[in-house]
Amino acid sequence: VHAMPNPLQFLEPITGLYQVTMTAEGNGPTGLPDGAPVDHAYVQWHADGTELMNSGRPAGDGNFCMGTWAQTGPRTYTLNHFMLSWAQYASDAPDPNLPPATPSPGGLYVDNQFIGPASIQETITLAKDGQSYTGTFVLTQYDKNYNIILPGGIPIKGTVTGTRETLNSPVTY
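Residues numbered from 1 in each chain as written. Predicted model: local features only at pLDDT ≥ 70, side-chain atom pairs only at ≥ 80, totals over all residues. Heavy atoms only, no water.

Draft legend 1. Summary view of the overall build of the protein chain. Helices and strands together make up the secondary structure of the protein chain, namely one helix and eight strands. Listing the helices and strands of the protein chain from first to last along the sequence gives α-β-β-β-β-β-β-β-β. Looking at the protein chain as a whole, 33% of its 173 residues are labelled buried. Within the protein chain, counting contacts between residues at least 6 apart in sequence, those at least 24 apart form 52% of the total. Looking at the protein chain as shown, the accessible area adds up to about 10000 Å², and 61% of this sits on carbon and sulfur atoms. (Helix = DSSP H or I, 4+ residues; strand = E, 2+ residues; numbered from the N terminus. Buried < 20%, exposed > 50% of the residue type's maximum accessible area, 1.4 Å probe, protein only. Contact = heavy atoms within 4.5 Å. Areas by Shrake-Rupley, 256 points an atom, 1.4 Å probe, with all protein chains shown as cover.)

Structure representation (structure tokens):
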């Protein structure tokens, strides 16, 4: 299919839909090992400075999240991304230490518990052709009292890559 270019991409070149991979890197001996997958998602950057992510995480633990971004240099952008994290516990009997749960259609009890808010800070550079980006991220997970609760009490660091999806893109997730 041939389509006219989106005029907003001329104003804000990052605008569009991307398939994104986040990979752990540089977390030291107590953190996630280099190369460990952190997320694989579809991310949409909007011309108004907002962003929306459909994370590869299970829907029950919060797979949609959003952020705000600004251009900070030539083809360089900073994203402040916010999410709410949930934990799922599935068993064949309810956990007496958790609030009451309803059995799922398969007969398992699923107890969704709010863990706390989280943020992802990204700095990315859009390729000259505008079809991809690369950069770094820092993911910080908090408990309900805003204490960092990741392994070792430190955020997860890594690299992020994104490839633009277009009207003609095949499904490759």
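Now that the structure has been shown, the text picks up again.
Draft legend 2. A look at the side chain of Gln19. Assignment of secondary structure puts Gln19 in strand β1 (residues 16-24). On the accessibility criterion, Gln19 (11% relative accessible area) is buried. Here His40 takes part through its side chain, which lies 2.9 Å from a polar atom of the side chain of Gln19. Side-chain polar atoms of Gln19 contact the side chain of Glu165, separated by 3.1 Å. (Polar contact = N/O pair within 3.5 Å; in protein donor to acceptor, adjacent residues only side chain to side chain.)

Draft legend 3. Seen up close, the nonpolar core. One finds Ile14, Trp45 and Tyr133 to be the most contacted residues of the largest nonpolar core, which totals 23 residues. For this core, the elements supplying multiple residues, two or more each, are β1, β2 (37-45), β4 (64-73), β5 (76-91), β6 (109-126), β7 (132-141) and β8 (156-165). It is β6 that provides the largest number of residues to this core, a total of four residues. (Core = buried A, V, L, I, M, F, W, Y, C linked by side-chain atoms within 4.5 Å.)

All quantities given are derived from atomic positions and should not be read as evidence of function.
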